[in-house]
Each structure stands twice: as structure tokens, then as C-alpha cells.
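Here is how the chains run, residue by residue.
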Amino acid sequence: MTWGVVLVTAAGCYLFKLAGLSLPRSLLSSPRVQRVAALLPVALLAALVGVQTFATGRSLVLDARAVGLLAAAVALAVRAPFLVVVVAAAAAAALVRALS
Amino acid sequence: MSADAPRIVVRDAVGVGTAVGTYGVSFGAVAVAAGFSVPQACALSVLAFTGASQFALVGVLGAGGGPVSGVATALLLGSRNALYGLRLASLLRLRGLGERVIGAQLVIDETTAMALARSAGEAARLAFWATGLSIYVVWNLATLLGALGAEALGDPAALGLDAAVPAAFLALLVPQLRDPLSRWTAVAGALVALALVPFAAPGVPVLAAGLVAVAAGGWRR
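These figures come from a predicted structure and were not determined experimentally.

So, how was this worked out
- Residues numbered from 1 in each chain as written.
- Chains lettered and ligands numbered in written order.
- Predicted model: local features only at pLDDT ≥ 70, side-chain atom pairs only at ≥ 80, totals over all residues.
- Helix = DSSP H or I, 4+ residues; strand = E, 2+ residues; numbered from the N terminus.
- Buried ≥ 20, exposed ≤ 12 C-beta atoms within 10 Å, placed from the backbone.
- Rg over C-alpha atoms; globule rule 2.2 N^0.38 Å.
- Contact = placed C-beta atoms within 7 Å.
- Core = buried A, V, L, I, M, F, W, Y, C linked by C-beta atoms within 7 Å.
- Nonpolar A, V, L, I, M, F, W, Y, C, P; charged D, E, K, R; others polar.
- Axes fitted to C-alpha atoms, helices over the stretch in contact; angles between N-to-C directions.
- Left-handed = near helix turned anticlockwise from the far one by under 90°.
- Parallel < 35°, antiparallel > 145°, perpendicular 65-115°, else oblique.
- Expected span 1.5 Å × (residues − 1).
- pLDDT = per-residue confidence, 0-100.
- Bend = angle between axes of the 7 residues up to and from the residue.

Draft legend 1. Broad picture of the overall build of chain A. What chain A contains, in helices and strands, is four helices and two strands. When the helices and strands of chain A are listed from N to C terminus, the series reads α-α-β-β-α-α. Along the three orthogonal principal directions, the C-alpha set of chain A runs to about 55 × 35 × 25 Å. Counting the 100 residues in chain A, one finds 44% classified as buried.

Draft legend 2. Region of the structure containing the overall build of chain B. What chain B contains, in helices and strands, is twelve helices and zero strands. Along the chain direction, N to C, the helices and strands of chain B fall in the order α-α-α-α-α-α-α-α-α-α-α-α. Against the globule reference of 17 Å for 221 residues, chain B gives a C-alpha radius of gyration of 18 Å, in line with a compact fold. On the principal axes, the C-alpha backbone points of chain B span a range of 55 × 50 × 30 Å. Buried positions account for 55% of the 221 residues belonging to chain B. Put simply, 70% of the contacts in chain B that link residues at least 6 apart link residues at least 24 apart.

Draft legend 3. Just the nonpolar core, in detail. In terms of nonpolar packing, the biggest core is built from 117 residues, with A43 and A89 of chain A together with A167 of chain B touching the most fellow members. Setting aside residues up to four positions removed in sequence, A89 of chain A forms contacts with G68, L69, A71 and A72 of chain A together with G160, A163, A164 and A167 of chain B.

Draft legend 4. The arrangement of the interface of chain A and chain B in detail. Each partner contributes to the interface: chain A provides 62 residues, whereas chain B provides 85 residues. Broken down by secondary-structure element, the contributors of at least two residues to the side of chain A that touches chain B are α1 (3-22), α2 (31-54), α3 (64-77) and α4 (82-99) of chain A. In terms of residue count, α2 of chain A provides more of the side of chain A that touches chain B than any other element does, 20 residues in total. A breakdown of the residues in the side of chain A that touches chain B according to their chemical character gives 47 nonpolar, eight polar and seven charged.

Draft legend 5. Fine view of the packing of α2 of chain A against helix α4 (residues 51-62) of chain B. For the pair α2 of chain A and α4 of chain B, interaxial distance at closest approach is 12 Å and the crossing angle is 35°. Relative to α4 of chain B, the crossing made by α2 of chain A is left-handed. Residues P41, L45, L48 and Q52 of chain A of α2 of chain A lie in contact with α4 of chain B, whose contacting residues are A52, A56 and G59 of chain B. Along the lines of polarity and charge, the residues of the contact of α2 of chain A with α4 of chain B split into five nonpolar, two polar and no charged.

Draft legend 6. Geometry of the packing of α1 of chain A against helix α7 (residues 96-105) of chain B. Taken N-terminus to C-terminus, the directions of α1 of chain A and α7 of chain B make an angle of 125°; their axes are 8 Å apart at the nearest point. Taken as axis vectors, α1 of chain A and α7 of chain B run oblique relative to one another. In the crossing of α1 of chain A with α7 of chain B, the sense of the turn from one axis to the other is right-handed. Residues Y14, K17, L18 and L21 of chain A of α1 of chain A lie in contact with α7 of chain B, whose contacting residues are R100, G103, A104 and Q105 of chain B. Split by residue class, the contact of α1 of chain A with α7 of chain B holds four nonpolar, two polar and two charged.

Draft legend 7. Summary view of α4 of chain B. Residues and elements named next belong to chain B. Compared with an ideal rise of 1.5 Å per residue, which puts twelve residues at 16 Å, α4 spans 16 Å between its outermost C-alpha atoms and is within 8% of the ideal. With twelve of twelve residues buried, α4 lies mostly within the body of the structure. Along α4, the residues that are buried comprise G51, A52, S53, Q54, F55, A56, L57, V58, G59, V60, L61 and G62. Looking at the residues trailing α4, positive phi occurs at G64, about 95°.

Draft legend 8. View of the confidence of the model for chain B. Residue and element names in this part refer to chain B. Here chain B averages 89 in pLDDT, and 98% of its residues register 70 or above. Across chain B, the element-wise mean pLDDT spans from 85 in helix α1 (residues 6-21) up to 97 in helix α3 (residues 38-48). Across the whole predicted complex the pTM is 0.86, and at the interface the ipTM reaches 0.91.

Draft legend 9. Just α2 of chain A, in detail. Spanning 24 residues, α2 of chain A covers 35 Å between terminal C-alpha atoms, matching the ideal 34 Å at 1.5 Å per step. A maximum bend of about 30° is found in α2 of chain A at L39 of chain A, where proline P41 of chain A lies one to four positions downstream.

Draft legend 10. Expanded view of unusual backbone geometry. We note that R79 of chain A has phi near 60°; this positive angle belongs to a residue other than glycine. Within the secondary structure layout, R79 of chain A lies in the loop between α3 and α4. Look at F49 of chain B: it is not a glycine, yet its phi comes out positive at around 45°. Looking at the secondary structure, you find F49 of chain B in the loop between α3 and α4.

Draft legend 11. The arrangement of the environment of V197 of chain B in detail. Its location among the elements puts V197 of chain B in the loop between α11 (180-196) and α12 (204-218). Leave out the neighbours within four places in its chain, and V197 of chain B touches V51, A55, R58 and L60 of chain A together with P205 of chain B.

Draft legend 12. Seen up close, the environment of A33 of chain B. Residue and element names in this part refer to chain B. Of note, A33 is situated in helix α2 (residues 24-33). We classify A33 as buried; it has 25 C-beta atoms within 10 Å. Not counting residues within four places of it along the chain, the set of residues in contact with A33 comprises G62, A150, P156 and L161.

Take a look at the structure:
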């Protein structure tokens, strides 16, 4: 990977934080803007879950990652901490691959 | 003793900081599995320091997405920190350029939640700084450990690291599904992205799902 994507992402993320602390509060007082901003991470994270589980390039696939996601969902349902959720998914997918 | 007593504020902050910071292990591991070097993974944690955006960048690029869609997804996810900053500015009363420049880097989900949970101004300030600094230290050490570990272990698919990425996104998503509108937005976002997978370059379907949020949040007054 290039350093360009690392540095542009880092600079952009930092500038958003600094802008929030520095800009006048009235700028984002519109309820519509606030609602869109609150829903943006929801839509993007859900899309990332879907695509990162069920897509390989431009194909939709069902593979060991789906079992991993199921394990993550179970771990979340019993309120396991973040690291347990992630490790459960990785372990489940690795197990399916080792067995198949 | 009041819940706003400094000792209790700091104890809670360090507890959250340690718990949240350790996620950095998984970020470091998946970043290296996605093709980033150990210094690049660490640079993202030091400089970007916002988990969802970092995971998004390495997730999209690791799955073959182009740099533009990877960076755009990361920045769209990072934009919520600006809203947190707007809410925190009056509460934190950061003094001078130095406090603002350093404090800005610590404006993330957890520091905002911990600061807003305190009633009094001084306790909120202490909660923000103590939570932010402890997450920052642990997150960066954990990133280094995870990146070195993944580099030493090798084959990411055999370790299931590709399945760890969507699991991390799911764990970040679930706490945000508080009401029917957010749940339907999540379902629609995932379906729109999956429907576009065969027709668009990798990375683009996720960005298109952002339009679902614009539609869902903007259609009512």
C-alpha cells in the first residue's frame, strides 16, 4: 500500500476533529444535517459488514466468512467484549477452512 | 462519594481506555493482513486515531477497492467526529492553540460519551482527557503488537483474519442500532451495497450505501 492513502486519511480524519472543535456550533444546527450525520456511519458500517462478508471482487459468494459473521453475531448477542467478537469470527472461519 | 469525584472519573476513564484500546490488536493484525506495512498500520493509529475509519480504509483496500473509495469511506466515517467536536467545544473550554490541537486528536466516540456522561464541567474535562490519553496510549501499543503478530504469523486467510474485518464492523454497528430508523437504514445500506457488488468497482458499493443515510435522514423535516 502507498503512504499516500495513509497520510491523506490521517490528515482528513484529524481535520474533521479540529473543525468540530473550532467551527461555530450553529453551522450544523439543522436537525436534518444532524440526522444524516448520525445515520451515515450506520449505513456505511452495515454496507461494510455485507460486502466484506459476502463479496470477493465483483462476485457475491458464500464462504467461511459467513460462518465467522454468525459467530460474531452470537458473541455480540451475549454481550461479549469487542476482542472476543473479532477472535470468535476469525476462529470460526479458520476452523471451517481447516475442516473443508 | 460523588460519581464526579476525580478519583472515580480517572478510574472509569482508565478502565474504558484499556478495554477499548486493546481493539488496536485486531486493527494492527487486519491492516498487515490487508497489505499495509507495520509502520503504516502504526502511522494510521498515531495520526488518524479513529477506529471505524481505520478499519474501513484497510478493509476496502484489502478487498481490492481503489484508493479513492477507501479514503472516501474512511473520511465519511470520520466526519461524525466533527459533530462530537461541536458538542464538546463548549463543555471542554480548551484553552489556547496547544490544548485545541492536542485535544482535537482525542475527539472520538468513547471520549465524547465519557465526557457527556459527567454533569459538571471540571469532571467532564477530566473524563475527556483521562479517557482520551489512556485509549491513545493503549490503542497505539496494541496496534504495534497486532501488526507485528500478524506479520510473524503469515497466511491471513488460514487465520480467519478476513472474517475478523466484518466482525469488527458488526461490533461497531450494533451499539448504533438504537431505533427503528437506524435499523432500517442498516438493512437498506447493506442491501444496496450487496446489490451493486456485481456492477461497480470494489469499494464503490459501500460509498453508494452512504446515500441511503442521506435519503433516510433527509426525507422528513
